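Notes for the structure review
Take a look at the letters that make up each chain.
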Amino acid sequence: MIILIVGGSGGIGQALVKRFASEQPKAQIYATYRTTKPNIESSHIHWVELDASREEDVRALAKQLPNVDMLINATGLLHTPDKLPEKSIQEFDPDFFNENLKANTLPTLLLAKHFAKALKAKQTTYFVALSARIGSISDNQLGGWISYRSAKAALNMALKTISIEWRYKLPNCCVLAFHPGTTDTALSVPFQKNVPPGKLFTADFVAQSLIDLIQSKQASDSGGFYSYDGSAITW
Ligand SMILES: NC(=O)c1ccc[n+]([C@@H]2O[C@H](COP(=O)([O-])OP(=O)(O)OC[C@H]3O[C@@H](n4cnc5c(N)ncnc54)[C@H](OP(=O)(O)O)[C@@H]3O)[C@@H](O)[C@H]2O)c1
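Remember, it's a predicted structure, so these values are computed and weren't measured experimentally.

Some points on the pairing of strand S4 (residues 70–73)
The alternating pattern of S4 places Met 70 and Ile 72 on one face and Leu 71 and Asn 73 on the opposite face, and all of these are buried. When strand S1 (residues 2–6) meets S4, the two strands line up parallel, connected through four bridges. Considered in S4, the bridge of Leu 4 is made with Leu 71. The sheet contact formed by S4 and strand S5 (residues 125–130) spans four bridges and is parallel. Within S5, the position partnered with Met 70 by the bridge is Tyr 126.

Regarding the site of the ligand
Taken together, 26 residues lie around the ligand, and Arg 34, Thr 35, Thr 75, Tyr 148 and Thr 185 are the ones closest in. Take Lys 152: an N or O atom from its side chain is 2.9 Å from an oxygen atom of the ligand. Against a free-state accessible area of 890 Å², the protein chains account for coverage of 89% of the ligand. At the level of elements, helix H1 (11–23) and helix H5 (146–169) are the ones that each hand at least two residues to the shell around the ligand.

Concerning helix H3 (residues 94–104)
Taken together, the buried positions of H3 are occupied by Phe 96, Asn 100, Ala 103 and Asn 104. End-on, the buried residues of H3 take up no more than an arc of 80°, which puts them together on one face. Close packing links the buried residues of H3 with helix H4 (106–119) and H5.

What to know about a nonpolar patch on the surface
A cluster of nonpolar side chains, contributed by Ile 89, Phe 92 and Ile 146, occupies part of the molecular surface with about 250 Å² of accessible area. With respect to the helices and strands, the residue Phe 92 is situated in the loop between S4 and H3.

Section: the pairing of S5
Two faces, one strand: in a regular strand the side chains alternate between the faces of the sheet. Counting buried positions over the six residues of S5 gives six, a clear majority of the element. A two-sided burial pattern is seen for S5, the buried positions comprising Thr 125, Phe 127 and Ala 129 on one face and Tyr 126, Val 128 and Leu 130 on the other. This β-α-β element, S5 to H5 to strand S6 (residues 173–179), shows right-handed connectivity.

Concerning unusual backbone geometry
For Trp 145, which is not glycine, the phi dihedral falls at a positive 50°. By the secondary structure assignment, Trp 145 is in the loop between S5 and H5.

Concerning the packing of aromatic side chains
Counted under the stated rule, the structure contains nine aromatic pairs. Look at Phe 225 and Trp 235: their rings are 5.2 Å apart centre to centre, the planes differ by 25°, and that puts the pair in the stacked class. Linking Phe 225 in strand S7 (residues 224–227) with Trp 235 in the segment after S7, this pair joins segments that are ten residues apart in sequence. The class of Phe 225 is buried, set by a relative accessible area of 2%. Given a relative accessible area of 30%, Trp 235 falls into the partly exposed group.

Some words on the environment of Asp 51
Position of Asp 51 among the secondary structure elements: in the loop between strand S3 (45–49) and helix H2 (55–64). Asp 51 sits in the buried class, given a relative accessible area of 19%. Sequence-wise, Asp 51 and Gln 192 are 141 residues apart; in three dimensions their C-alpha atoms are separated by 28 Å. Non-local contacts of Asp 51, meaning those with residues more than four positions away in its chain, are made with Arg 34, Asp 57 and Val 58.

About the cut-offs
- Residues numbered from 1 in each chain as written.
- Predicted model: local features only at pLDDT ≥ 70, side-chain atom pairs only at ≥ 80, totals over all residues.
- Heavy atoms only, no water.
- Buried < 20%, exposed > 50% of the residue type's maximum accessible area, 1.4 Å probe, protein only.
- Helix = DSSP H or I, 4+ residues; strand = E, 2+ residues; numbered from the N terminus.
- Pairing = 2+ DSSP bridges.
- Near = heavy atom within 4 Å.
- Polar contact = N/O pair within 3.5 Å; in protein donor to acceptor, adjacent residues only side chain to side chain.
- Areas by Shrake-Rupley, 256 points an atom, 1.4 Å probe, with all protein chains shown as cover.
- Arc of directions from axis to C-beta.
- Contact = heavy atoms within 4.5 Å.
- Patch = residues over 30% accessible without salt bridge, like charges linked within 9 Å, V, L, I, M, F, W, Y side chains within 5 Å.
- Salt bridge = Lys/Arg side-chain N within 4 Å of Asp/Glu carboxyl O.
- Right-handed = clockwise from strand over helix to strand, strands pointing away.
- Phe/Tyr/Trp six-rings, centres within 6.5 Å; stacked < 30°, edge-to-face > 60°.

Rendered as structure tokens:
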């Protein structure tokens, strides 16, 4: 089995690499990092430097991996060193909006384009992206965080659209959007004080929840948006 974890250097990405490495000792795990290579080593973990928003990087990796059983994209961005998500449209900044699209939406589109061939197989394959409930239009009660929300809504639309196209072209591929819940990683640090008790998950718990979800889904479930507890989220 070949597993590719894009954004394997992130909080959830690293937990996925460790979990898969212990649960699937026969799998070859390819994991990507952009800036710093994590110190997780094993003979079946292969680290690759990749900027998932650069098409030439994604194309080059796809050339190296002609067959992939499971591709999980765990890249994303909520804040930068000098920008927090917007509380009001008055704080909207075009550069921050574009950074959000580049980190939260673009990588999944490039990965789908270049890995479609690798995911086409007789057995079930998986194409999964880490999304967020906040990207659900029907679930939006609070407003705010407009760049992140919009980028995740665009990601959700991209995943739904890819799942429809692949229903015929890659009938054995299951395309899923996954909401991890608030997870204790660098991404959520500025917002953790508002999280109700018991609702800040460890990255390890979330990685296991995603692995359990994948194991419970088949190609006929393609095009779904699921939460860490396995419940479906409306688009
Ligand atoms: N943590 C939460 O509470 C939470 C809640 C809902 C949804 N999510 C989603 O879950 C996913 C993982 O988040 P996380 O909590 O693990 O965040 P994280 O620890 O901040 O990790 C995000 C990773 O994305 C990588 N990345 C960003 N842009 C990239 C690019 N163009 N190419 C390659 N890598 C890129 C970053 O790499 P560098 O470090 O090299 O920049 C970083 O390793 C994200 O999609 C996030 O939106 C998280």
